Amino acid sequence: MARNEHSPALAAKIAEMLSTRSEYFVTQPVELRVLREMSEDELKDFAESRGWRVVRRLGGHQIEFYNDASRRAEL
């Protein structure tokens, strides 16, 4: 996984948002920059290791995270 100093904070924010919502849309430029620094595989691992699914939308201008019920059961 990418070793960005901001990724733990971003992961905490996403986890907090997903605790009350079914999805979280990352649209803030600072947050998107952290995620864009990750390769496609790193981003997928970032999400899967936390029980989330990730989808890039709008040409990378928005990244969506969802709780992945099938992965959460394993965690």
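Refer to the preceding data block for the structure.
Residues numbered from 1 in each chain as written. Predicted model: local features only at pLDDT ≥ 70, side-chain atom pairs only at ≥ 80, totals over all residues. Heavy atoms only, no water.

Bringing the sheet that holds strand S2 (residues 52-57) into the picture now. Ordered by their spatial adjacency, three strands build an open sheet running S1-S3-S2, and the pairing between neighbours is antiparallel. What marks the edges here is a single partner per strand, and that holds for strand S1 (23-26) and S2. Pairwise comparison of adjacent strand axes, ignoring direction, gives a mean angle of 20 degrees for this sheet. As paired strands, S2 and strand S3 (residues 62-67) are joined by six bridges and run antiparallel to one another. Opposite Arg 56, over in S3, you have Ile 63 as the bridge partner. (Pairing = 2+ DSSP bridges. Helix = DSSP H or I, 4+ residues; strand = E, 2+ residues; numbered from the N terminus. Axes fitted to C-alpha atoms, helices over the stretch in contact; angles between N-to-C directions.)

A separate point is the packing of aromatic side chains. Applying the stated criterion to the full structure yields three aromatic pairs. Judged by centre distance (6.0 Å) and plane angle (70 degrees), the ring pair of Phe 46 and Trp 52 falls under edge-to-face. Accessibility expressed as a relative area gives 0% for Phe 46, which makes it buried. Linked through ring pairs, Phe 46, Trp 52 and Phe 65 together constitute an aromatic cluster. (Phe/Tyr/Trp six-rings, centres within 6.5 Å; stacked < 30°, edge-to-face > 60°. Buried < 20%, exposed > 50% of the residue type's maximum accessible area, 1.4 Å probe, protein only.)

This next bit is on the side chain of Asp 68. You can see Asp 68 is positioned in the loop between S3 and helix H4 (69-72). Of the side chains with opposite charge, Arg 53 lies nearest to the buried Asp 68, which makes no salt bridge, at 4.6 Å. (Lys, Arg positive; Asp, Glu negative; His and termini not counted. Salt bridge = Lys/Arg side-chain N within 4 Å of Asp/Glu carboxyl O.)

With that out of the way, let us pick up helix H2 (residues 29-36). Looking only at H2, the buried set comprises Glu 31, Leu 32, Val 34 and Leu 35. When H2 is viewed along its axis, its buried side chains cluster within an angular range of 155 degrees and face the same direction. Exposed side of H2, more than 90 degrees from the buried face: Pro 29 and Val 30 are the residues found there. Residues of H2 that are buried sit in contact with helix H1 (7-18), S1, helix H3 (40-48), S2 and S3. (Arc of directions from axis to C-beta. Contact = heavy atoms within 4.5 Å.)

Take the pattern of salt bridges next. Within the structure shown, the criterion is met by four salt bridges. Between Glu 31 and Lys 13 there is a salt bridge, with its nearest N and O atoms 2.5 Å apart. Of this pair, Glu 31 sits in helix H2 while Lys 13 sits in helix H1, and the two are 18 residues apart along the sequence. For the salt bridge of Glu 64 with Arg 57, the shortest nitrogen-to-oxygen distance reads 2.9 Å. The exposure class of Glu 64 is buried, given its relative accessible area of 4%.

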